Amino acid sequence: PDDVPPATPDDRPVAPPVASREPRRLRFGIASRVLITGVLLLVALSWFAPYLSDRALSRSIVLASDNHTAAAVTQARRAHRLDPLAVDPLFTLALVEQQQGRGSTAQATLEQAVRLQPQNYATYYELGLMQLNVLGLRHQAATSFRRALSLNPYDDNSSYELSVASAPAATP
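Each value, and the rule that gives it
- Residues numbered from 1 in each chain as written.
- Predicted model: local features only at pLDDT ≥ 70, side-chain atom pairs only at ≥ 80, totals over all residues.
- Heavy atoms only, no water.
- Helix = DSSP H or I, 4+ residues; strand = E, 2+ residues; numbered from the N terminus.
- Buried < 20%, exposed > 50% of the residue type's maximum accessible area, 1.4 Å probe, protein only.
- Contact = heavy atoms within 4.5 Å.
- Salt bridge = Lys/Arg side-chain N within 4 Å of Asp/Glu carboxyl O.

Caption draft 1: Quick peek at the overall build of the protein. Looking only at helices and strands, the protein features 7 helices and 0 strands. What you see in the protein, going N to C, is helices and strands ordered as α-α-α-α-α-α-α. Each of the 172 residues in the protein was classed as buried or not, and the buried ones make up 30%. Nonlocal contacts in the protein, meaning residues at least 24 apart in sequence, comprise 48% of its contacts between residues at least 6 apart.

Rendered as structure tokens:
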């Protein structure tokens with residue numbers, strides 16, 4: 001027993017061989033690949049839906065200009081469904097509804113845009129234009145233009161339209 005040398009650092013127990021650690025690395029590698037793939041897929045989808053919405057919106061405008069209003073309405077609704085936070089599809093839908101002679105429906109569509117983005121002056125401006133030029137609701141239009149100006153006091157278009165809506169109506 002005296003001839004056994006004292007323990008050296010090399011005599012410590014050895015870690016398990018690398019081969020036994022391989023499944024753990026493999027699981028981490030697969031999990032990280034799945035996570036990265038998922039993140040990339042989400043990024044692609046977040047870009048793809050607005051892209052498809054813009055394409056549908058463009059088709060809607062072309063169809064409306066060619067007087068294919070039913071198809072234009074379908075494309076504008078599709079654009080809104082693909083990008084439900086955007087108001088441009090609602091603006092286009094309202095214009096097509098107006099083109100179809102459905103002014104009250106167009107006003108309701110623009111009111112939906114106002115509810116969707118209440119801090120966007122353009123929603124109030126578009127609503128005011130519809131109220132003034134299509135429905136002849138001067139007082140309501142003036143209110144919409146005032147709200148647009150409260151959100152963007154430098155908008156010359158809203159200012160001009162407010163002056164038109166506030167002017168006394170011409171008598172025939």
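Caption draft 2: Region of the structure containing unusual backbone geometry. Look at Asn 67: it is not a glycine, yet its phi comes out positive at around 65°. Checked against the element boundaries, Asn 67 lands in the loop between helix H1 (18–65) and helix H2 (69–82). Owing to a relative accessible area of 55%, Asn 67 belongs among the exposed residues under this scheme.

Caption draft 3: Up close: the pattern of salt bridges. Inspection of every chain in the model, using the stated rule, returns 1 salt bridge. Here Glu 97 ties to Arg 102 by a salt bridge, and the two come within 3.9 Å at their closest N and O atoms. Judged by relative accessible area, Glu 97 falls into the buried class, the value being 1%.

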